[in-house]
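Per-entry structural report
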Amino acid sequence: MDKEIFLCSICNINSGTCNEDCKFCSQSVRYKADIQRYKHKPLEDILKEAKNARDNGALGFCLVTADKGLNDKTLKFVCDVAKAVQEEVPELRLIACNGTATLEQLLILKESGVKAYNHNLETSKAFYPQICTTHSWEERYETCQNVNKAEMVLITGGIFGLGETQEDRISMLEALNSLNPTSVPINFYHHNEALELQPNPLNADEALSLIKLTRETIPHAQRIMVAGGRDLMFGERQNEIFAHGANSIVIGNYLTTSGRIMSKDLQMLKSLHLSVAKKV
Ligand code: SF4
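Thresholds, definitions, all that
- The numbering scheme is per chain: residues are counted from 1 as the chain's sequence reads.
- This being a predicted model, a pLDDT of at least 70 is required before a residue's local features are given, and a value of 80 or more before pairs of side-chain atoms are given or counted; all residues contribute to the totals for chains, interfaces and linings.
- Comment: elements are numbered from the N terminus, with helices defined as DSSP H or I runs of at least four residues and strands as E runs of at least two.
- Three exposure classes are used, based on other C-beta atoms lying within 10 Å of a residue's own C-beta, which is placed from the backbone: buried for 20 or more, exposed for 12 or fewer, and partly exposed in between.
- This entry defines residue contacts through backbone-placed C-beta atoms, with two residues in contact when those atoms are within 7 Å.
- Being paired, for any two strands, means DSSP has found at least two bridges between them.
- The handedness rule is simple: strands pointing away from the viewer, and a clockwise path from the first strand over the helix to the second, make the crossover right-handed.
- Here is the check we use: build the C-beta atom from the backbone, and if it is within 6 Å of the molecule or strand, call the residue near.
- Ten residue types, Ala, Val, Leu, Ile, Met, Phe, Trp, Tyr, Cys and Pro, are classed as nonpolar, four, Asp, Glu, Lys and Arg, as charged, and the remainder, Gly among them, as polar.

Now for the overall build of the protein chain. A tally of regular secondary structure across the protein chain gives nine helices and ten strands. Based on the C-alpha atoms only, the size of the protein chain along its principal axes is roughly 45 × 45 × 35 Å. Counting only residues that meet the buried cut, the protein chain has 46% of its 280 residues in that class. A fraction of 77% describes how many contacts in the protein chain between residues 6 or more apart in sequence connect residues 24 or more apart.

Structure, rendered in structure tokens:
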């Protein structure tokens, strides 16, 4: 039987307004990266993106906000958007990615139709203070625990290529495994010249072996997803990620960078005799 690939699309419903200092993130206001910044994406545009994602085979649609975590205003905005998307495009499974969240906030999102919550550990506990000083790794881990307590689907992963050691990578993957996630998005650092971090030092072979390591270290995750940085990291070798353990990809644009045209990804899957998953 064909291996099934889960497609997910992300929608930056609020962009570039974060006060945190994550060194890999062009959405922090501190680094003045040349990106689009807005408080609220118009609902009309969000619905258009949702329909386009569905029409290209996406099952997951992720509502992302750029902030440390949820507050009352952001929570209301995400809930309103979630309800509207659910009504207009019920085929999509809604995911929210809004930073740190309490159990109470997550339960409110759940009531609004959000099925899954994405919050990445990003890197190892030991390396985290070198990439962010405004909040702790422990807060991130706690939010993931809250997602499990809320009995929502937990999506948590991280970024490779930030200058971490192999020991850090293994430590992050073990921490992710301890949270028993359903889906593990792995990102590869996409350098922006406004950021002080050095460009991603990984080559495609090393990155492929990290996908394999993720699959091996988190054996019970239903999905290992290759998310941000896919084109940049693998170029013409993107088709090799599936043989190394990935069974999910983000299609379309990323948060602040462009992705491949969705139809190119669909063509790639077809040429590999991989089918697009129709249900989660
Ligand atoms: S908290 Fe999130 S949005 Fe804010 S700078 Fe860090 S990674 Fe970027």
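Okay, the pairing of strand 3 (residues 93-97) next. Taken across its five residues, strand 3 has five buried, putting it largely inside the fold. The two faces of strand 3 match: R93, I95 and C97 on one face and L94 and A96 on the other face are all buried. With five bridges joining them, strand 2 (residues 60-64) and strand 3 adopt parallel strand pairing. Residue pairing across strands places L63 opposite A96, the latter belonging to strand 3. For the segment spanning strand 2, helix 2 (residues 72-88) and strand 3, crossover handedness is right-handed. Of the strand pairs in this sheet, strand 3 and strand 4 (residues 116-118) are connected by two bridges, and their pairing is parallel. In the sheet register, I95 faces strand 4, and the bridge partner there is A116. Following the chain from strand 3 across helix 3 (residues 103-111) to the adjacent parallel strand 4, one finds a crossover that is right-handed.

This brings us to the environment of V147. Topologically, V147 is positioned in helix 5 (residues 137-149). As a C-alpha pair, V147 and L106 span 41 residues in sequence and 6.9 Å in three-dimensional space. Leaving out residues up to four positions away in the same chain, V147 has contacts with L106, Y117, H119, M152 and L154.

With that settled, consider the environment of L43. Here L43 lies in helix 1 (residues 43-55). In this view, L43 contacts V81 and A84; residues no more than four positions away in its chain are not counted.

Once that is clear, we can look at the pairing of strand 8 (residues 223-226). In strand 8, alternate side chains face the same way, and those of R223 and M225 on one face and I224 and V226 on the other are all buried. With respect to chirality, the unit in which strand 7 (residues 183-188) leads through helix 7 (residues 204-217) into the neighbouring parallel strand 8 is right-handed. In the sheet, strand 8 pairs with strand 9 (residues 248-250) via two bridges, with the strands oriented parallel. If you follow M225 over to strand 9, its bridge partner there is S248.

Positive phi outside glycine occurs at K32, with the angle close to 50 degrees. Unusually for a residue other than glycine, E151 sits at a positive phi of about 55 degrees. Residue placement: E151 occurs in the loop between helix 5 and strand 5 (153-155). On the basis of neighbour count, E151 is assigned to the exposed category, with 10 C-beta atoms found within 10 Å.

All right, on to the site of the ligand then. If you check the shell around the ligand, you find C18, E20, C22, C25, Q27, S28, A66, K68 and G99 and nothing else. Class assignment for the residues of the shell around the ligand results in four nonpolar, three polar and two charged.

By themselves, these observations are geometric and do not establish any function.
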